[in-house]
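# Examining the three-dimensional arrangement
Residues per chain are reported as follows:
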Amino acid sequence: MLFVIATIALQALSPALALTSGTPGVPGNTLASAACTHPNVEASVTDPQPPVLPHGLKASGTVEVSVTIAPNGTVTRTSVVKSSGSATIDDSVVAAARKSKYSPKVANCAPVEGSYIFRADFTPRP
């Protein structure tokens, strides 16, 4: 009788232990679900690389590049979303976006293909 009371009290005071019991066929009640603390996360840059802009740059502005990221975190595609008006500057920002490191999008605790907008602001350089 004391064992039953202790078990009920432990489950009432520790709901996290009760949820990770691994009851098959019950969504959200498995160890895998409990281990996934962020089941849905957008892709993000983890190690952004700066663009190598030309010396004597007289322009200022912003370049935005859409980066498609594979489930393993590698870049699969890039495209300029907002151009600076200079192919040289745009190409430098695309190269920086491709060299950067990313974490993939996560949907339902599984990595999937996602996208990220890589943005570079620049100002005149002496």
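Since this is a predicted model, take the numbers as computed values, not measurements. Starting afresh in each chain, residues are numbered from 1 along the sequence in its written order. This being a predicted model, a pLDDT of at least 70 is required before a residue's local features are given, and a value of 80 or more before pairs of side-chain atoms are given or counted; all residues contribute to the totals for chains, interfaces and linings. The side-chain figures draw on all heavy atoms in the structure; neither hydrogens nor water molecules are used.

### Overview of the pairing of strand β3 (residues 75–82)
Stated precisely, the cut-off is as follows: Think of it this way: DSSP has to see at least two bridges between two strands before they count as a pair. What counts as a helix is a DSSP run of H or I of at least four residues, what counts as a strand is a run of E of at least two, and both are numbered from the N terminus.
Here strand β2 (residues 61–69) pairs with β3 via 6 bridges, running antiparallel. In the sheet register, threonine 68 faces β3, and the bridge partner there is arginine 77. Count of turn residues in the β2/β3 antiparallel hairpin: 5 residues, of which glycine 73 carries a positive phi of about 95 degrees.

### Topic: the environment of valine 80
For the record, the criterion: In this scheme, a residue with accessible area under 20% of its type's maximum is buried, one over 50% is exposed, and one in between is partly exposed, where area comes from a 1.4 Å probe on protein chains only. We call two residues in contact whenever any of their non-hydrogen atoms come within 4.5 Å of each other.
Structurally, valine 80 can be placed in strand β3. Under the relative-accessibility criterion, valine 80 is labelled partly exposed at 38%. Distance from valine 80 to aspartate 90, taken between C-alpha atoms, is 7.3 Å for residues 10 residues apart in sequence. In contact with valine 80, not counting residues within four places along its chain, are Glu64, Val65, Asp90 and Val94.

### Looking at the pattern of salt bridges
To keep things clear, this is the line we draw: For salt bridges, the criterion is a side-chain nitrogen of Lys or Arg within 4 Å of an Asp or Glu carboxyl oxygen.
If you walk through the whole model with that rule in mind, you get 2 salt bridges. In this structure, the salt-bridge partner of arginine 119 is glutamate 64, at a minimum N-O distance of 3.5 Å. Within this pair, whereas arginine 119 is found in strand β7 (residues 114–122), its partner glutamate 64 is found in strand β2, the two being separated by 55 residues in sequence. The class of arginine 119 is exposed, set by a relative accessible area of 52%. Accessibility expressed as a relative area gives 19% for glutamate 64, which makes it buried. One network of salt bridges, in which partners are shared, links Glu64, Arg119 and Asp121.

These figures come from the coordinates and say nothing about function on their own.
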